[in-house]
Structure formats: C-alpha cells, structure tokens
Amino acid sequence: MEKKRVVIVGAGVSGLTVCKHLLELGCQPTVFEADTMLGGVWARALASTKLQTPRSMYQYSDFPWPESMTEEFPSHRQVVAYLDAYARHFGVLGCVRFGHRVVGMEYHGVGEQAMAAWVEWAGNGQAFGSGAGEWRLSVADADGHVETHKADFVVLCIGMFSGVPDIPTFPAGKGPEVFDGRVIHSMDYAKMGTSKAKDMIRGKRVTVVGYMKSALDIATECAEVNGTAHPCTMVFRTKHWIVPDYSVWGINGKNFTLNRFSELLIHKPGEGLLLSILATLLTPLRWAFYKLAESYYSIPMKKHGMVPDHSLFQALAAAIICVTPKDHYKRLEEGSIMLKKYKTFSLCKEGVLVDGEPSPVKSDVVIFGTGFKGDEKIKDMFTSEYFRNVAIGSESTTVPLYRQCINPKIPQLAVIGYSDTHSNMYASDIRAKWLARFLDGSFRLPNVAAMQKDVLEWEKYMKRYCGRYFRRSSIMILNTWYNDQLCRDMGCNPRRKKGFFSELFELYGPGDYANLLSNSKSKEH
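Remember, predicted model here, so these are calculated numbers, not experimental data. (Residues numbered from 1 in each chain as written. Predicted model: local features only at pLDDT ≥ 70, side-chain atom pairs only at ≥ 80, totals over all residues. Heavy atoms only, no water.)

A. Quick peek at the side chain of Arg-471. By secondary structure assignment, the location of Arg-471 is in the loop between α14 (448–466) and α15 (479–490). Accessibility expressed as a relative area gives 16% for Arg-471, which makes it buried. Polar contacts involving the side chain of Arg-471 include one to the main-chain carbonyl oxygen of Ile-392, which spans 3.2 Å. Beyond its immediate chain neighbours, meaning those up to four positions away, Arg-471 contacts Asp-375, Ile-392, Gly-393, Ser-394, Glu-395, Thr-397, Thr-398, Val-399 and Tyr-418. (Helix = DSSP H or I, 4+ residues; strand = E, 2+ residues; numbered from the N terminus. Buried < 20%, exposed > 50% of the residue type's maximum accessible area, 1.4 Å probe, protein only. Polar contact = N/O pair within 3.5 Å; in protein donor to acceptor, adjacent residues only side chain to side chain. Contact = heavy atoms within 4.5 Å.)

The following block contains the structure:
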C-alpha cells in the first residue's frame, strides 16, 4: 500500500484519525483542508461551545486526554488543542495541505455503464479495484488557482455539520431582501469570532431561528451580552428534548443507552430470531424507562410549554437531543430569552412574521440556527451526474453507505464521519481502523447486492426508530452492535470486556478499542 495514492478530504476529527491509521500502515496520504487550521467544525465553533459528551467518551482510543484536563465537558478551544496535540504526536500535520479546497472529483479509466454493471464493488471487492480506474480531483488554493491531483482512493471526511448551511426558503417579497436588518446563518456567525460577533449583537434585537445546539448557544450569548434590555427571541417550529445532564432521578441514564443490555431492548439490523423475540419481550421495559426519563426531564419544560411532541426515545435514537446551556431556564424566567413557536414564518421590513400575525417580532438581526445539509455536501463533491445521482440516495431513503462508510455504487472511495452518534470522535476512530485494514487488503467487501441489502436493513431500523429524522443515519442507540460488525470484518474479537456481567452492563467507550488490532485474525502485510 506504500505506493498507493490516497487522498483525504478534510482535516477534522475524522480526517486526522484516518490519516494517522494510514501512516501506521506505511501509506503517505495527502490531506486537503479548505480551512487554514485543523479541527473541522471545532475550528470555527462559538466561544461558548462545549462538549455535550463526557471527555472519556470523546477521545481517540489510543490518545487519552492529558491528566491535566479536569473538566468533564471541555470547551471548544480545549478540543482544538487536543486535536492539534494528536496530529503532532502521530505526525499527521506533515500530510495536511491547508488552504486547499477540493472543488470537484471525476473518476477516469472505467465507463459509467461498466461500473453500474459491476457485481463486485470496484470490480473485484478490493479497495483499489483492478487498477484501471482512478480519481482526479480539482483542488483550488487560497488564490483560486486550480490543480488536478490523481488518487487511487479518496476518503471524504467532510462531516455533517458544516459547509452547506440549511437556509430557509421564502416566497418572493417575504425573505431577507425585504428586511431592513442583517440576516446570517450560524455558520457565518461562528466564523466572525467572539469579539466581532458580540459587537454585532450588542444592543440589538436579535431573533434566532431554531431550537437545537447552535441556536441555543447563540441565544445564550445574546442573553449574556444584552440581558433583559434587549431580549433574544427564539423562533422555532419543533420542540426538542433539551436535557440538563444524563442523570434520571439520580440514576445514570447511560446504563440504559450505552451498553449491550440496552441494545437487547431494540430490534437490530441483521438480528436472528432469538434476538428479535427478546427485543419484543423487553420492549415494555424500554418503554417504562423512557417514560420515567421523560417525567424527569419534562419538569422545567412544562412550565414553558416546551415538552416535545416526539418521544425522548426517538430523540435519542435520531441523535436530536442536546444538553441545556448553562442557566437556560433561568434566562427564560428573567426574560432575556423569549420563545415563540411557529408553523410558518417570513421576514418583513421590521423583523419576523410568525403564522401570519399582524405584528412582527421586531428585529435588528436574524440568525438562522437551522443546521446544515450534510448530504448535499457529499453530492457536491462530484461533477459526474452518475455519481451525483447515486451518492446520497433520495429523500425517502438513507444515504446509502455500507458500514456507514462505503457507497456500494461508488468505487475506490469512502465516507467517514457522516453517520451520527453520541460521540463522533469515538465512531470515526473505529471506522478509521476498519478502513485502514480494508485498504491494507486484510478483508474484502461483499458483493454489491449484499452490501445494498445490508444498507436496506439499517435503513429499515432507522425509519422504525428515528421517524422523520431517519436521514441523519444515527447509530446512537446501537453503537456497540455496529462496532461489533466492524470488529468481525477486521477479524477482531468484538467482546472487549472481562466477564459476562461486565460485557452485558458496563458502558462501552473508546478505551475498549485501544488495542483492537492486537488480536486481529486477518492477514498482515
């Protein structure tokens, strides 16, 4: 593999660990990073952004946080420092070309009709195919000069939560063009930096559209800057489960969500008859726990009419749950943050019109905390209509990725970091190990039909438990079951604990996979 040309797009959480694992196998990948710094979404996070996952769960398996780190939920600056230390420790920085954006990709050497007819992925089920095809990437530098780079394999590590903002659309005459103030997306707000962002909102009537992580963080910053003199109004369509912590009536909720026992309560992709029967029998236990959790978390929500319409279980399954910002409900009480639910909204000269009300929410600044189109970002990487059509599926399907990494119809390419879970660093790390072993020839992929069948099994699971949020491709409540599949592919023992009860009830985390490949049964190269 030493002579193979591997390109990684993105130097965030996923790109760094993929590069690290390839370096260990003798490959010298090239990493193209559009930004001038590493860290991906963390590089341009809001000043107030912190981890929502405890640091013990948000780390690379072979690089623990330093002992000097005592915060359970490190700040975004501390996360960036950790990523920088990781990159320097494993020699990743020498592979990264900062300020280089991949603006398009084309596959050469094999015609589209021939590819579409392949029974085996890439023609033979191996990472680099037969050698007849290669990728050609158009890469623009900071000055706009575009060069073509050839690659035998491409790894897209471009994430879900950056790049292509999901901006609401409006009828003519009812959008930003008629508003007298300023309209921006949370992505642009974060890029401004703390000082400029605070200057922009200081003394202004700010309306934030949305009620998830970025929207909540921005509203918190507005409340800190302006207080009750200029309340921040949050305009949102959907109520979400915003929880203070992971404890439910004094019980650690992770014991019911992040171990093997919790997964016995759920129907799983590829499960046999016995596990299916067991999941059905244990469903009442799952229902009882989540109802108990809802009764606890909904206490402060009820006061403000903010109990979501969807269940807490669905929110967890779809990874649409987040931790309450500090003093959020206190700010609602004092009036520095105001809430206003909508079915439809539009903009007018003076601000935001909600559900056709005659008086607008008067605003000087409107900030869309409405998320990103992560699937569109994948699609936009390709210039060929063939690949654009098969890259992300349709609105009625999940993004078709076998093992959440490989599109069955796109050769010599992987996507790492798209599927969501409780700790994307933890997930990307084990996927990077899996991908490195695949590139090293330690195992082959099944045929295209088998891969597509597996993709459909996961899609069925996601539609069953995630509801309308199935395209987030969340594996949050089946993380260990998913890891087991990767381990078996690599020839590793998926059982990482000592003893039956430890295996069943203890939490699984990054440390359990630190020496994953030491007992690998797959062939070495």
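Structure shown, so let's carry the discussion forward.
B. Representation of the sheet that holds strand β4 (residues 101–108) in the model. The strand order across the open sheet formed by three strands is β4-β5-β6, and the pairing between neighbours is antiparallel. If you trace the sheet from one side to the other, it starts and ends with β4 and β6 (146–151), each paired once. Across the sheet, the mean angle separating the axes of adjacent strands is 25° when strand polarity is ignored. Where β4 and strand β5 (residues 134–140) come together, seven bridges link them in antiparallel fashion. By the bridge assignment, Met-105 is partnered in β5 with Leu-137. (Pairing = 2+ DSSP bridges. Axes fitted to C-alpha atoms, helices over the stretch in contact; angles between N-to-C directions.)

C. Geometry of the environment of Asn-124. Note on placement: Asn-124 falls in the loop between α3 (112–116) and β5. Classification of Asn-124 by relative accessible area gives buried; the value is 18%. It is 8.8 Å that separates the C-alpha atoms of Asn-124 and Leu-445, two residues lying 321 residues apart in sequence. With residues up to four places along the chain from it excluded, the contact list for Asn-124 reads Gly-129, Ser-130 and Arg-444. In this structure the side chain of Asn-124 is engaged in a polar contact, spanning 3.0 Å, whose partner is the backbone nitrogen of Gln-126.

D. Structural detail: empty space enclosed by the protein. In total, this model carries four cavities of 30 Å³ or more according to the counting rule given. Quantified by volume, the largest cavity comes out at close to 90 Å³. Among the secondary structure elements, those contributing two or more residues to the lining of the largest cavity are α7 (260–264) and α8 (273–303). Here the lining of the largest cavity takes four residues from α8, the largest share from any one element. Split by residue class, the lining of the largest cavity holds nine nonpolar, two polar and one charged. Roughly 50 Å³ of volume is contained in the second largest cavity. Considering the residues around the second largest cavity, the lining is formed by Thr-257, Leu-258, Glu-263, His-422, Tyr-426, Met-476, Ile-477, Leu-478, Asn-479, Thr-480 and Tyr-508. Looking at side-chain class alone, the lining of the second largest cavity contains six nonpolar, four polar and one charged residues. (1 Å grid on protein atoms, 1.4 Å probe; cavity = no way out; pocket = protein on both sides within 12 Å on 5 of 7 lines; lining within 4 Å. Points joined across faces, edges and corners; volume = space filled by probe spheres on them. Nonpolar A, V, L, I, M, F, W, Y, C, P; charged D, E, K, R; others polar.)

E. Looking closely at the nonpolar core. In this structure, Leu-83, Phe-153, Val-155 and Leu-435 are the most contacted members of the largest nonpolar core, which totals 121 residues. Among the elements that take part in this core, helix α13 (residues 424–439) stands out by supplying nine residues, more than any other. Both domain 1 (5–162 + 373–467) and domain 2 (176–254 + 273–368) contribute no fewer than three residues apiece to this core. Dropping the residues within four chain positions of it, Phe-153 is found in contact with Arg-5, Val-6, Val-7, Trp-121, Ala-127, Phe-128, Gln-412, Leu-413, Ala-414, Leu-435, Phe-438 and Leu-439. (Core = buried A, V, L, I, M, F, W, Y, C linked by side-chain atoms within 4.5 Å. Domains from an automatic or database assignment.)

F. The arrangement of unusual backbone geometry in detail. Notably, Gln-412 is not glycine yet its phi reads approximately 55°, a positive angle. Summarising the element assignment, Gln-412 is placed in the loop between α12 (385–390) and β20 (413–415). Given a relative accessible area of 1%, Gln-412 falls into the buried group. Positive phi values are uncommon outside glycine, yet Ser-473 reaches one of about 55°. Positionally, Ser-473 belongs in the loop between α14 and α15.

G. Inspection of the layout of surface pockets at higher detail. Of the volumes computed, that of the second largest pocket is approximately 480 Å³. Taken together, 20 residues line the second largest pocket, and the ones lying closest to its centre are Ser-48, Lys-50, Thr-324, Pro-325 and Lys-326. Looking at the lining of the second largest pocket, the element that brings in the most residues is helix α6 (residues 213–226), giving four residues. Among the residues forming the lining of the second largest pocket, the class breakdown is six nonpolar, six polar and eight charged.

H. Layout of the domain arrangement of the protein. Domain boundaries assigned for the protein yield domain 1 (5–162 + 373–467) and domain 2 (176–254 + 273–368). One C-alpha centre belongs to domain 1, the other to domain 2, and the line joining them spans 29 Å. Listed by partner, the interface residues are 16 residues for domain 1 and 19 residues for domain 2. Roughly 1400 Å² of surface becomes buried between domain 1 and domain 2 when both sides are summed, with 57% attributable to carbon and sulfur atoms. Per-residue buried area on domain 1 facing domain 2 is highest for Leu-46, Gln-52 and Tyr-465; these three make up 44% of the total on that side. Applying the counting rule to domain 1 against domain 2 returns zero salt bridges. In this structure, the connection of domain 1 to domain 2 is made through three residue pairs in polar contact (both at pLDDT 80 or more). (Buried area = accessible area lost by both parts, 1.4 Å probe. Salt bridge = Lys/Arg side-chain N within 4 Å of Asp/Glu carboxyl O.)

I. Main features of the packing of α13 against α15. Look at α13 against α15: their axes get within 9 Å of each other, and the N-to-C directions meet at 20°. Classified by the interaxial angle, the pair formed by α13 and α15 is roughly parallel. Considering only the axes of α13 and α15, their crossing is left-handed. Side by side, α13 and α15 meet where Tyr-426, Ile-430, Arg-431, Lys-433, Trp-434 and Arg-437 of the first sit next to Asn-479, Tyr-482, Asn-483, Leu-486, Cys-487, Asp-489 and Met-490 of the second. By residue class, the composition of the contact of α13 with α15 is seven nonpolar, two polar and four charged. (Parallel < 35°, antiparallel > 145°, perpendicular 65-115°, else oblique. Left-handed = near helix turned anticlockwise from the far one by under 90°.)

J. Spotlight on the packing of helix α1 (residues 13–24) against helix α2 (residues 76–89). At a closest axis distance of 10 Å, the pairing of α1 and α2 adopts a crossing angle of 15°. Considered as vectors, α1 and α2 are oriented roughly parallel to each other. For the crossing formed where α1 meets α2, the hand is left-handed. Contact with α1, carried on its side by Val-13, Leu-16, Thr-17 and Lys-20, involves Leu-83, Tyr-86 and Ala-87 of α2 and no other residues of that element.

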